[in-house]
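Architecture and fold: a report
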Amino acid sequence: MTTHAPQAANTVTLPGSLDEAVAALAAMPAAVPVAGGTDLMAAVNSGLLRPAALVGLGRISEIRGWQYQDGHALLGAGLTHARMGRPDFAALIPALAAAARAAGPPQIRNAGTLGGNIASAAPTGDALPVLAALEATLIVAGPGGSRREIPVGHLLAGFEMLGPGELIGYVRVPLLHAPQTFLKATGRTGPSRATASVAVVLDPARRHVRCAVGAVAPMPLRPLDAEAWVSSLIDWDGERTLAPEACAAFGEYVAAACIPDPAPEPVLEAAQSPQHGEPGTTLPPAVLHLRRTVATLARRALGRALA
């Protein structure tokens, strides 16, 4: 925080329960919910946001832990990255723990929350590709004690949005009891925002590999054809190993699906085209580098999941 915020909030409410927080938001439509504040305060300090009121979520203990529920983990939206990075959580959902540990420097991990990562929906959010690959769902709390469940991908894609007075209360994640990995590339050494990230999870019960790529588009991308192809190559009843060439081909498949070649331009008539040549469709060097990065991450993530 700076010492000269552009405009301080007129009202700060600190509810003690999820339903109290929903009621506060319903009573003050202009209020902004805040948990860790890592994204919100950046927007305030840069002048992009002028909250008239804040609803602090830090005192709501019910959303700061997790519990087991019908083969799933029910994660509170108030879980911090630091908490998710601990060994006991990593034993449950290894890829999400890895993403939490990569979320930034300690001060960010100690403050930033799972729900905030989802609600801000920043393309570089480390938890987002993991949740997409896990096919997690959100439990949204609404006015009058109502609860509704939506796939996390629907919210990130804008198919279903939070309504007035609604809050993300919990995230329901299937416990697959199988290897899963998260890898990311950054533009510099040390904790920083991802230039690309890849999550790979194995689902032995459904005999399927799930993959999601983050930071290369406004929302995580699922290369479904690549998933189906590599899933068909794995001996799910045996050692579940693949040749290095297959892992490499999977990486290229994922990268081409998420960063496709540009559509060819219409060929001009000979009279209009002195070159008489076909227009090129080569990707710019920076985009080619990003595609190679995604291919490498996907190859390594699959190889580690199958190791």
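For the structure itself, consult the block above.
Here we summarise the structure given alongside this text. Note that the structure is predicted; figures quoted are calculated from it, not measured. (Residues numbered from 1 in each chain as written. Predicted model: local features only at pLDDT ≥ 70, side-chain atom pairs only at ≥ 80, totals over all residues. Heavy atoms only, no water.)

**Considering the overall build of the chain**
Summing up its helical and strand segments, the chain has twelve helices and eleven strands in all. In terms of principal-axis extent, the alpha carbons of the chain reach across some 65 × 60 × 35 Å. Going through the 307 residues of the chain one by one, you find that 45% of them count as buried. Taking the intrachain contacts of the chain between residues at least 6 apart in sequence as the baseline, contacts between residues at least 24 apart amount to 60%. Just so you have it, the chain exposes about 15100 Å², and 55% of that area is on carbon and sulfur atoms. A gap of 10 Å separates the mean positions of the 23 positive and 23 negative side-chain charges of the chain. (Helix = DSSP H or I, 4+ residues; strand = E, 2+ residues; numbered from the N terminus. Buried < 20%, exposed > 50% of the residue type's maximum accessible area, 1.4 Å probe, protein only. Contact = heavy atoms within 4.5 Å. Areas by Shrake-Rupley, 256 points an atom, 1.4 Å probe, with all protein chains shown as cover. Lys, Arg positive; Asp, Glu negative; His and termini not counted. Charge placed at Lys NZ, Arg CZ, Asp CG, Glu CD.)

**Brief notes about the side chain of Asn-117**
With respect to the secondary-structure elements, Asn-117 resides in helix H7 (residues 114-120). Excluding residues within four positions of it along the chain, Asn-117 makes contact with His-81, Ala-122, Gly-125, Asp-126, Ala-127 and Leu-128.

**As for the state of the cysteines**
Applying the stated criterion across every chain yields a total of zero disulfides. Between Cys-211, a free cysteine, and Cys-258, which holds the nearest cysteine sulfur, the sulfur-to-sulfur gap is 6.8 Å. Classification of Cys-258 by relative accessible area gives buried; the value is 11%. (Disulfide = S-S within 2.5 Å.)

**Here's the deal with the environment of Pro-143**
With respect to the element layout, Pro-143 can be found in the loop between strand E6 (137-141) and strand E7 (147-151). For Pro-143, a relative accessible area of 42% puts it in the partly exposed group. When the C-alpha positions of Pro-143 and Leu-283 are compared, they lie 49 Å apart, and in sequence the two are 140 residues distant. Apart from the residues lying within four places of it in its own chain, the contact partners of Pro-143 are Val-22, Pro-164, Gly-165 and Glu-166.

**Some details on the sheet that holds strand E10 (residues 194-203)**
On the basis of which strands lie adjacent, the open sheet formed by three strands has the order E9-E10-E11 and antiparallel pairing. Two strands lie at the open edges of the sheet, namely strand E9 (180-186) and strand E11 (208-214), each paired on one side alone. In this sheet, neighbouring strand axes are inclined to one another by 10° on average, regardless of whether the strands run parallel or antiparallel. When E10 meets E11, the two strands line up antiparallel, connected through seven bridges. From the neighbouring strand, Asp-203 faces E11, where its bridge partner is His-208. The strands touched by helix H8 (residues 127-134) are E9, E10 and E11; relative to E11, the strand with the most contacts, the crossing angle is about 155°. (Pairing = 2+ DSSP bridges. Axes fitted to C-alpha atoms, helices over the stretch in contact; angles between N-to-C directions.)

**Digging into the pairing of strand E2 (residues 31-34)**
Note: E2 against strand E3 (residues 53-56), four bridges, orientation parallel. Each residue of the ladder has a partner; that of Pro-33, found in E3, is Val-55. As for the winding sense of the linkage, the β-α-β connection from E2 through helix H2 (residues 40-45) to E3 is right-handed. (Right-handed = clockwise from strand over helix to strand, strands pointing away.)

**Concerning unusual backbone geometry**
At Asp-70, a position not held by glycine, the phi torsion is positive, near 50°. Within the secondary structure layout, Asp-70 lies in the loop between strand E4 (66-69) and strand E5 (72-76). For Asp-70, a relative accessible area of 74% translates into the label exposed. Positive phi, close to 55°, is recorded for Glu-135, a residue that is not glycine. Take Glu-135: it is sitting in the loop between H8 and E6.

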